[in-house]
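Coordinate analysis (summary)
Spelled out, the chains give:
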Amino acid sequence: MTMANWSTLPADLLRRVGDCLLATSDIDFYMDMRAVCHDWRTATVDPRADSAAAVDPRFRPRLWVMLDEESKADGDDARLFVSLSTGCFLRRRVPLLRDNVLVAATSDGLLVIGERKYPHAAGVLNPFTGSLLRFAAPIPSKGRVIAAVADYDPTLLFVFDIGSRSYGGEVTCADPTSECFFEEYINPLRFDLASIVSHAGHVYMADELTGEVVRSAGTGELFPDGELSLQIEAGVPPRVEGTPIWVPGSYTCLVDSASELLLVRRIPQWAQTVMEVFRVDVERKTLEPVKNIGGRALFIGERCLSVETNMFPSIDSNCIYYSTGLQPLGDAMYRHDLMDGKEEKISGVLMPNSDSYNARPFSLVQVLLTYCSVLPDVQAQLQRIHKELGWKVNSELNHFLEDMVLQRICRDDFL
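For the structure given in this document, a descriptive report is provided here. For clarity, every value in this text was computed on a predicted model and none was experimentally measured. (Residues numbered from 1 in each chain as written. Predicted model: local features only at pLDDT ≥ 70, side-chain atom pairs only at ≥ 80, totals over all residues. Heavy atoms only, no water.)

Re helix H2 (residues 27-34)
Given 3.6 residues per turn, any residue in an α-helix points the same way as the ones three and four places further on. Taking burial as the measure, the 8 residues of H2 include 6 buried ones, the bulk of the element. Regarding H2, the residues found buried are Ile-27, Asp-28, Tyr-30, Met-31, Met-33 and Arg-34. In this fold, the buried residues of H2 make contact with helix H1 (11-23), helix H3 (38-43), strand E1 (64-66) and strand E3 (89-93). (Buried < 20%, exposed > 50% of the residue type's maximum accessible area, 1.4 Å probe, protein only. Helix = DSSP H or I, 4+ residues; strand = E, 2+ residues; numbered from the N terminus. Contact = heavy atoms within 4.5 Å.)

With respect to the sheet that holds strand E5 (residues 111-115)
Taken in spatial order, the 4 strands of this open sheet run E4-E5-E6-E7, and their pairing is antiparallel. Of all strands in the sheet, those bounded by a partner on one side alone are strand E4 (100-105) and strand E7 (132-138). Taken pair by pair, the neighbouring strands of this sheet meet at an average axis angle of 25°, ignoring direction. Where strand E6 (residues 121-125) and E7 come together, 4 bridges link them in antiparallel fashion. Along E7, the bridge assignment pairs Leu-125 with Leu-132. (Pairing = 2+ DSSP bridges. Axes fitted to C-alpha atoms, helices over the stretch in contact; angles between N-to-C directions.)

Considerations on unusual backbone geometry
Backbone torsion omega between Tyr-118 and Pro-119 reads 10°, so that peptide bond is classified as cis. Positionally, Pro-119 belongs in the loop between E5 and E6. Non-glycine residue Ser-25 carries a positive phi angle of around 60°. Within the secondary structure, Ser-25 sits in the loop between H1 and H2.

Shape descriptors only; they carry no functional weight alone.
Okay, structure coming up:
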């Protein structure tokens, strides 16, 4: 019996198979398919053909999350990824993380990185294809940030400094040719930025106090007169009767969920926490109350996730998972059922040496909530790099001085 020669499959058939994989956001299978043989690579589009492919919507790693953002050992570039839509866990190497600073991971799976060498130029990396879109602007020297990529022409990278919430919120943006990140001016007297997310190629932001949602104008220009560079996309959401607009501990966030944009507000009450969910209709510019999110669960924090629960038996559908208390980890983790409004405490704080931390292994819910709450510390990474460079320079200088002294001693002895 003659074995089939898979390498001789017609090029048009291979392209159709590849297009089907890309249409279902299976970029991991697409890259595996291209790795089969030379003929299959020739017949399909190479996502690494140019740097612009890093942000090409066809090759975006939709709904993938990189769980272990910090390497477990020096030089280790292997990372664990999970698909929130298929439940697939995948460990793959990301070599560029060895020599770059991890700034943030976007909600659609792209990684924002910065070069180790000064001035630490920014870049957007597709961890599945290896494509890298380089930016001329250096990464913002902030502590912890949330990043979002807009599919404008040219591509815009937005960075939200979460430490700026106390004074209204600061969002900066840059295109690949910008010399620095420019500020998207938001009037602090009327807008307190709480959340930022990319959705359907645009970048949306939410107000902490009112829940108002705005969309970036996408110009990337600096407005010297303080003119708003944001367009109002939705009004103030209605409130549950008897609840105030804002109380201490309230939280507002945006979630990109199953091709929909959701606004979630958590309002602490004496008896129980009130959760409000709204669907953002960007066409009609309205907010529609949502009581049932179907077979999905939302994880909210500094960054937010929408999970297909059919693929994760340990996660309950139509529920919102969150942590409370001081960030980054909170003092406890909770599950809120949208159907009856009841809450259940899942675990305590995941701080080293705590009871919850020692009760390993962690559940998937704990891992995902930790991902939502803990962001990479950019300043700490830069300080570590500068310290390493300082040690290297001092070591080389010491060796140079020692050589000079030895040469002087040898010369004196000779004379």
